[in-house]
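Observations on chain architecture
Okay, here's what each chain looks like letter by letter:
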Amino acid sequence: MRYVKGLDRDQVMMCSLDSFVDEESDARLIDAFVDSLDLEELNITKSKAASEGRPAYDPRSMLKLYIYGAEHGIRSSRKLAEACRLNVEIRWMTGAVTPDFRTISDFRKANITALKAILHEFNRKIASAVEFGYVSVDGSKIRANNSKDNNFTSHKLDDRIEWLDAHIDEYLRQMDAIDSIETAEEMEIEGMLSRDALEQKLQEAQERLERYKGYRQYMEENGLSQLSITDADAKLMKNKNGFQVSYNVQTAVDSETHIIRDFNMTNQVTDHGLMAPTAADIRSDDEILEVVADRGYENQEDMIRCLENGIIPHVILPDGKDTYELELEYVESECDTTSTKSEDLSKCLHAGEIPDAYKSVIKSAEVRTVRRKINEDGEEAKAVKSPYGTEEEMMSRASEGYFVRDPERNLVYCPAGQILRQKCIKKNGDIRYANKAACRRCPFRNKCYKGKNEWKEIDFSKDTLEKPCRDWLRAEGKEPAQKKRSSKGTFKKIKIVLLKLRPDREKMSQRLCLSEHPFGTIKHSMGADYFLLNGLEKVAGEFALSAIAYNLKRSKNLLGFRKMMNLMMI
């Protein structure tokens, strides 16, 4: 049976690198795009060649290498260094230079903050050839370079400290037992470890205990709900695969082209309040930007910021609702309802006037007089210290049948003697506390909580210091004492503007077709489902490379190779 015959390995060939690269290869688009950039204006290091010393590698070659690597799933500096030797398209783009992995890594480290500006420059180049529509804002959790074992929450540290305390006590008990055993044979019969082995385990446990106590003290002093050791900016977040240490990446995707117009890298666990900052840099003063988002972005302050900055928020409505009611502070002023500038839009809204650009979505703007609680100084009430001076006094009060909050350490003592720590902050500003592990094994569970969940959750406002556990007090035949409040306040009449915002349901129904597409391509097709770098600033630069590569592929599919080449060379 015959086979297709290949070239003779020893045959001498006369050809150029260009002949090995396909005429419509993405490498040619990347090459043309990077060559058209003003690297000095973008603050790329070594954008001007030095006149003395050993010549540096051309930063354009390094940038081409990284964009090509992001598109083809070659992201680490070591793999990129290997690709410089093996990949024909990379050799064509870079002129067959072979920098080592440290040189490649140092270029990214030095220019990490400039990569997002390069994404904006790419979008500017293709803007003349496409027609942008409204944008869809959504977030996705991308795994950070930090394992779950190196992430600590307050509850996790409490459990580990308790576990280590018990083990240390057991090691000490065994060492005392060894002193009463006279021969090694007796120790073998009892199945006990030697004194040296116990001392080593005891020392290791004590070192870990001190380290965990240090972590807990640091978190309490800095008001942290969790601590990541490898990447301090990463947070433990819930996604479809359970809990992972991640970043919450927000993207603004165009409705007409599915191009990523901008993104916002955050470590915020939820999407509340992230719509305005994600879309802020897209909007220009001469146009109104419309944004669609899911119900996770339902946040009154965020939607108000959007309207003040020329952005119409189409956030999916809760079931049974047709409009959002937004409350603004009333400020009397003269305003131009025809203007689309941010300052004029804000003036109109706070004066109770509907700008012409918003008349299709704002159904009414009513000025009302309402009563609001303020303190004696006319400022918002602030939390004060607990009336109980020490931890022992707080626990003693809690044992009487109360949940006692320590505002300085941001924790709650329960009647069973356990510590409840912050779980989340609700939309109304209340702090929710819980301790799942303690509730599951609590011997007084039926005396405290009879709900459907496996654990007790209790909410405290900032001016509340204790709450009665009514079932506990009722079981002991007691009546709950009066609530202790941290400050006294008075009521004052103020004017507000009440807006009724009616989002466009047709635009909201198309949201799922927009935001999921880019995330799926970047994570699965391009292999960027986890970050290699540490820190919020660095992972933002890393994602910018993925966004540039995605936009390049998407634009080529929309416009074709020839038109893209003409745009890239402008």
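None of the values given here were measured: they were computed from a predicted structure.

Here we have six strands laid out as an open sheet, ordered S15-S14-S13-S12-S11-S16, and antiparallel in their pairing. On the outer flanks of this sheet lie strand S15 (457–460) and strand S16 (466–468), each paired with one strand and no other. Ignoring strand direction, the axes of neighbouring strands in this sheet form an average angle of 30°. Of the strand pairs in this sheet, strand S14 (residues 431–434) and S15 are connected by four bridges, and their pairing is antiparallel. What sits directly across from Tyr433, in S15, is Ile458.

This part covers the packing of aromatic side chains. Throughout the structure, instances matching the rule amount to nine aromatic pairs. Between Tyr212 and Tyr215 the ring centres are 6.3 Å apart and the planes differ by 45°, which places this aromatic pair in the tilted class. Here Tyr212 and its partner Tyr215 are both found in helix H9 (residues 195–222), three residues apart, which amounts to about one turn of the helix. Of the two residues, Tyr212 and Tyr215, both sit in the buried class. Ring geometry for Phe263 and Phe543: centres 5.1 Å apart, planes at 65°, overall edge-to-face. With Phe263 in strand S6 (residues 260–266) and Phe543 in helix H19 (residues 536–559), the pair connects residues that are 280 residues apart, well separated along the chain. Summarising the burial analysis for this pair, Phe263 and Phe543 share the class buried. Three or more aromatic residues joined by ring pairs form one cluster here, namely Phe152, Tyr212 and Tyr215. Sitting above the plane of the Tyr402 ring, Arg397 keeps its charged end 3.9 Å from the centroid.

Right, let's talk about the packing of helix H1 (residues 26–35) against helix H20 (residues 561–568) for a bit. Working note: a packed helix pair is described by the angle between its axes plus the distance between those axes. It is at 8 Å that the axes of H1 and H20 come closest, and there the two elements cross at 20°. Classified by the angle their axes make, H1 and H20 are roughly parallel. Regarding H1 and H20, the two cross each other, and that crossing is left-handed. When H1 is examined against H20, the residues Arg28, Leu29, Ala32 and Phe33 are found in contact with a partner set consisting of Phe561, Met564, Met565 and Met568. Looking at the contact of H1 with H20 residue by residue, the class counts come to seven nonpolar, no polar and one charged.

What follows concerns the pattern of salt bridges. For the structure on display, the rule yields 35 salt bridges. Residues Glu121 and Arg124 are paired through a salt bridge, measuring 2.6 Å at the closest nitrogen-oxygen approach. With Glu121 and Arg124 both in helix H6 (residues 115–126), this residue pair falls three residues apart, about one helical turn. Its relative accessible area of 22% is what places Glu121 among the partly exposed residues. Measuring nitrogen to oxygen at the nearest pair gives 3.2 Å for the salt bridge that ties Glu162 to Arg441. Of this pair, Glu162 sits in helix H7 (residues 154–179) while Arg441 sits in the loop between helix H14 (436–440) and helix H15 (445–448); the two residues are 279 residues apart in sequence, bridging distant segments of the chain. For Glu162, a relative accessible area of 42% gives the class partly exposed.

Running from N to C, helix H18 (residues 512–525) and H19 point in directions that differ by 110°, and their axes come no closer than 10 Å. Of the possible angle classes, the one that applies to H18 and H19 is roughly perpendicular. Contacts from His517, Pro518, Phe519, Thr521 and Ile522 of H18 reach H19 at Phe543, Ser546, Tyr550 and Arg554. A per-class count over the contact of H18 with H19 returns five nonpolar, three polar and one charged.

Bringing helix H2 (residues 59–71) into the picture now. Here H2 is 13 residues long and its end C-alpha atoms lie 19 Å apart, about the 18 Å a rise of 1.5 Å per residue gives. A large share of H2 lies buried, amounting to 12 of its 13 residues. Within H2, burial applies to Pro59, Ser61, Met62, Leu63, Lys64, Leu65, Tyr66, Ile67, Tyr68, Gly69, Ala70 and Glu71. The elements touched by buried residues of H2 are H1, helix H3 (77–86), helix H4 (88–94), helix H5 (101–110), H6 and H19. The residue sitting at the N-terminus of H2 and contributing the capping side-chain oxygen is Asp58; that oxygen lies 3.0 Å from the backbone nitrogen of Arg60. In the segment just after H2, Gly73 is the residue with positive phi, at about 75°.

Let us now look at unusual backbone geometry. One non-glycine residue, Asn43, adopts positive backbone phi at about 60°. Inspection of the secondary structure assignment puts Asn43 in the loop between H1 and H2. Under the relative-accessibility criterion, Asn43 is labelled exposed at 61%. In this model, Ala96 sits at a positive phi of 65°, which is unusual for a non-glycine residue. Along the chain, the position of Ala96 falls in the loop between H4 and H5.

Rules used in this analysis
- Residues numbered from 1 in each chain as written.
- Predicted model: local features only at pLDDT ≥ 70, side-chain atom pairs only at ≥ 80, totals over all residues.
- Heavy atoms only, no water.
- Pairing = 2+ DSSP bridges.
- Helix = DSSP H or I, 4+ residues; strand = E, 2+ residues; numbered from the N terminus.
- Axes fitted to C-alpha atoms, helices over the stretch in contact; angles between N-to-C directions.
- Phe/Tyr/Trp six-rings, centres within 6.5 Å; stacked < 30°, edge-to-face > 60°.
- Buried < 20%, exposed > 50% of the residue type's maximum accessible area, 1.4 Å probe, protein only.
- Lys NZ or Arg CZ within 6 Å of the ring centre and 35° of its normal.
- Parallel < 35°, antiparallel > 145°, perpendicular 65-115°, else oblique.
- Left-handed = near helix turned anticlockwise from the far one by under 90°.
- Contact = heavy atoms within 4.5 Å.
- Nonpolar A, V, L, I, M, F, W, Y, C, P; charged D, E, K, R; others polar.
- Salt bridge = Lys/Arg side-chain N within 4 Å of Asp/Glu carboxyl O.
- Expected span 1.5 Å × (residues − 1).
- Polar contact = N/O pair within 3.5 Å; in protein donor to acceptor, adjacent residues only side chain to side chain.

Function-wise, these values are silent; they only describe arrangement.
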